Amino acid sequence: QQPVQSPQAVILREGEDAVINCSSSKALYSVHWYRQKHGEAPVFLMILLKGGEQKGHEKISASFNEKKQQSSLYLTASQLSYSGTYFCGTVYDYKLSFGAGTTVTVRA
Amino acid sequence: DTAVSQTPKYLVTQMGNDKSIKCEQNLGHDTMYWYKQDSKKFLKIMFSYNNKELIINETVPNRFSPKSPDKAHLNLHINSLELGDSAVYFCASSTQGTDTQYFGPGTRLTVL
């Protein structure tokens with residue numbers, strides 16, 4: 001069962017912040033975050049394994065709230081290179097199910 | 001030193017044809033996958049192999065047949081191609097099913 005991501009799309013100016021949410025109707029034990037740039041393959045950003053865990057990749061960080069069954073990805077002081085589609089992934093029955101993705105466009 | 005490679009990168013073919021996509025990984029991973037990404041960018045798992053054994057087989061038409069000759073290779077054969085098969089197919093690998101997945105560059109399949 002795939003997680004639900006919101007928003008579907010976001011447009012930012014360089015330097016602005018954004019939050020992408022990922023929620024699940026089932027208990028979460030881990031959350032993966034990937035970014036896919038246009039015409040390229042998805043690339044791993046980070047994985048959160050414990051409730052309350054927070055991680056960072058450049059100025060991109062994520063949190064994981066086990067009780068709320070959700071994770072959030074924070075894009076801070078966005079750069080042009082942050083543009084792409086962000087996917088969260090959750091593990092059920094030993095397989096990774098991806099959300100529908102959030103398309104982020106960062107403009108100069 | 002490509003970690004996960006796929007061939008071909010583009011595949012354009014007529015309805016009804018049979019085609020294959022090949023995937024190889026040099027990361028020493030035990031698990032390999034095939035994903036289909038449709039025009040709306042939705043990434044859906046199709047198959048997963050662990051050490052040459054099929055462990056995940058999603059609801060995929062039996063026209064799709066994966067084969068893993070060894071744990072570094074996972075190929076996908078598609079029979080009787082249909083218009084709806086047009087998509088980007090990604091191969092991926094990981095150490096275990098729940099670990100970080102490394103994706104290949106994708107194969108864009110267009111069925112005319």
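In this text, all values refer to a predicted model and were calculated from it rather than measured experimentally.

(A) Representation of the overall build of chain A. Within chain A, the secondary structure is distributed over zero helices and 11 strands. Starting at the N terminus, the α and β elements of chain A follow one another as β-β-β-β-β-β-β-β-β-β-β. Seen along its three principal axes, the alpha-carbon backbone of chain A occupies a region of about 40 × 25 × 20 Å. In chain A, buried positions account for 46% of the 108 residues. For chain A, the proportion of contacts with a sequence separation of at least 24, taken over those separated by at least 6, is 55%.

(B) A look at the pattern of salt bridges. Under the counting rule described, the total for this entry stands at five salt bridges over all chains. Between Asp30 of chain B and Lys71 of chain B there is a salt bridge, and its shortest N-O distance comes to 2.7 Å. Remark: Lys71 of chain B occurs in the loop between strand S7 (64-70) and strand S8 (73-78) and Asp30 of chain B occurs in the loop between strand S3 (19-25) and strand S4 (31-37); sequence separation between them is 41 residues. A residue is classified by how much of its surface remains accessible, and Asp30 of chain B, at 26% relative accessible area, is partly exposed. A salt bridge links Glu82 of chain B to Arg63 of chain B, with the nearest nitrogen and oxygen atoms 3.5 Å apart. Taken together, the residues Glu82 of chain B in the loop between S8 and strand S9 (87-94) and Arg63 of chain B in the loop between strand S6 (53-57) and S7 connect sequence positions 19 residues apart. Classification of Glu82 of chain B as partly exposed rests on a relative accessible area of 41%. You can call Arg63 of chain B buried: its relative accessible area is 13%. Here the salt bridges share partners, and the residues they tie into one network are Lys95 of chain A together with Lys44 and Glu58 of chain B.

(C) Focus on the sheet that holds S8 of chain B. Residue and element names in this part refer to chain B. Pairing in this open sheet of four strands is antiparallel, and the strands run S1-S3-S8-S7 from one edge to the other. On the outer flanks of this sheet lie strand S1 (4-7) and S7, each paired with one strand and no other. Within the sheet, the average angular offset between the axes of one strand and its neighbour, ignoring direction, is 20 degrees. One ladder, built from four bridges, connects S3 with S8; its direction is antiparallel. Residue pairing in the sheet places Ile21 in a bridge with Leu76 of S8.

(D) Quick look at the environment of Thr95 of chain B. Residues and elements named next belong to chain B. Inspection of the secondary structure puts Thr95 in the loop between S9 and strand S10 (102-103). Given the relative accessible area of 38%, Thr95 is considered partly exposed. Sequence-wise, Thr95 and Gly28 are 67 residues apart; in three dimensions their C-alpha atoms are separated by 7.8 Å. When neighbours within four sequence positions are excluded, Thr95 is seen to be in contact with His29, Asp30 and Thr31. At 2.5 Å, the side chain of Thr95 forms a polar contact with the side chain of Asp99.

(E) Broad picture of the pairing of strand S9 (residues 84-92) of chain A. All names here are of chain A. Of all nine residues in S9, nine are buried, a share of seventy percent or more. Note: strand S4 (residues 31-36) against S9, six bridges, orientation antiparallel. Across the sheet, residue Arg35 finds its bridge partner in S9, namely Tyr86. Sheet topology note: the S9/strand S11 (residues 102-107) ladder contains three bridges and is antiparallel. Residue pairing across strands places Tyr86 opposite Thr102, the latter belonging to S11. The pairing of S9 with strand S10 (residues 95-98) spans four bridges and is classified as antiparallel. Looking at S10, one finds that Gly89 is bridged to Phe98. Hairpin connection of S9 to S10: two residues between the antiparallel strands, including Asp93 at a positive phi of 50 degrees.

What counts as what
Residues numbered from 1 in each chain as written. Chains lettered and ligands numbered in written order. Predicted model: local features only at pLDDT ≥ 70, side-chain atom pairs only at ≥ 80, totals over all residues. Heavy atoms only, no water. Helix = DSSP H or I, 4+ residues; strand = E, 2+ residues; numbered from the N terminus. Buried < 20%, exposed > 50% of the residue type's maximum accessible area, 1.4 Å probe, protein only. Contact = heavy atoms within 4.5 Å. Salt bridge = Lys/Arg side-chain N within 4 Å of Asp/Glu carboxyl O. Pairing = 2+ DSSP bridges. Axes fitted to C-alpha atoms, helices over the stretch in contact; angles between N-to-C directions. Polar contact = N/O pair within 3.5 Å; in protein donor to acceptor, adjacent residues only side chain to side chain.

Distances and angles like these do not, on their own, reveal function.
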